[in-house]
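Analysis of the macromolecular model
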Amino acid sequence: MKKIINKKNNKNEPWFKWLTRELNSYEAFQDFESGKNPRDVAEDFISRNSNAISEVFENFDEEDKDTLDQFLKLTECEMHVFRILEKQIELRKKVRFVDFKKKKKLRS
């Protein structure tokens, strides 16, 4: 796996660690609050980091491609987990508890 120069700390690091660090420090929630959708936020991130990303792609090899494929699978898995949790939360809001011990009196 190729390394890129981390200009902030002036040392080498693998590209995926750099990407993770940059994504974690990116203030995406501010963009969401201003009404941007996730795709636009991602495109802004890519645009702001285009030079470093270009450096990564200059030396991208099959091992890097495999790593990227694994990250894609992991993020897809994470998305499904979050969707399942979201559905579970919504179901909890809709559940009504019935007390079967109480018997309704029938009107004649």
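Let me begin by describing the structure that accompanies this report. (Residues numbered from 1 in each chain as written. Predicted model: local features only at pLDDT ≥ 70, side-chain atom pairs only at ≥ 80, totals over all residues. Heavy atoms only, no water.)

Moving on: the pattern of salt bridges. Applying the stated criterion across every chain yields a total of five salt bridges. Between Asp69 and Lys65 there is a salt bridge, with its nearest N and O atoms 2.9 Å apart. Of this pair, Asp69 and Lys65 are both found in helix α5 (residues 62-94), four residues apart, which corresponds to roughly one turn of the helix. Owing to a relative accessible area of 24%, Asp69 belongs among the partly exposed residues under this scheme. Lys93 is the salt-bridge partner of Glu90, the closest N and O atoms lying 3.5 Å from each other. (Salt bridge = Lys/Arg side-chain N within 4 Å of Asp/Glu carboxyl O. Helix = DSSP H or I, 4+ residues; strand = E, 2+ residues; numbered from the N terminus. Buried < 20%, exposed > 50% of the residue type's maximum accessible area, 1.4 Å probe, protein only.)

Let's shift gears to helix α1 (residues 15-25). An α-helical turn contains 3.6 residues, so any two residues separated by three or four positions project in the same direction. Within α1, the full set of buried residues consists of Trp15, Trp18 and Glu22. Buried residues of α1 fall within an arc of 60° about the axis and therefore sit on the same side. (Arc of directions from axis to C-beta.)

The computed volume of the largest pocket comes to approximately 1,300 Å³. What lines the largest pocket is a set of 29 residues, among which Leu19, Leu23, Ala42, Thr75 and Glu78 lie closest to the centre. At nine residues, the largest contribution of residues to the lining of the largest pocket is made by α5. For the lining of the largest pocket, the per-class residue count stands at 24 nonpolar, three polar and two charged. (1 Å grid on protein atoms, 1.4 Å probe; cavity = no way out; pocket = protein on both sides within 12 Å on 5 of 7 lines; lining within 4 Å. Points joined across faces, edges and corners; volume = space filled by probe spheres on them. Nonpolar A, V, L, I, M, F, W, Y, C, P; charged D, E, K, R; others polar.)

Everything listed here is a matter of geometry and, on its own, says nothing about what the molecule does.
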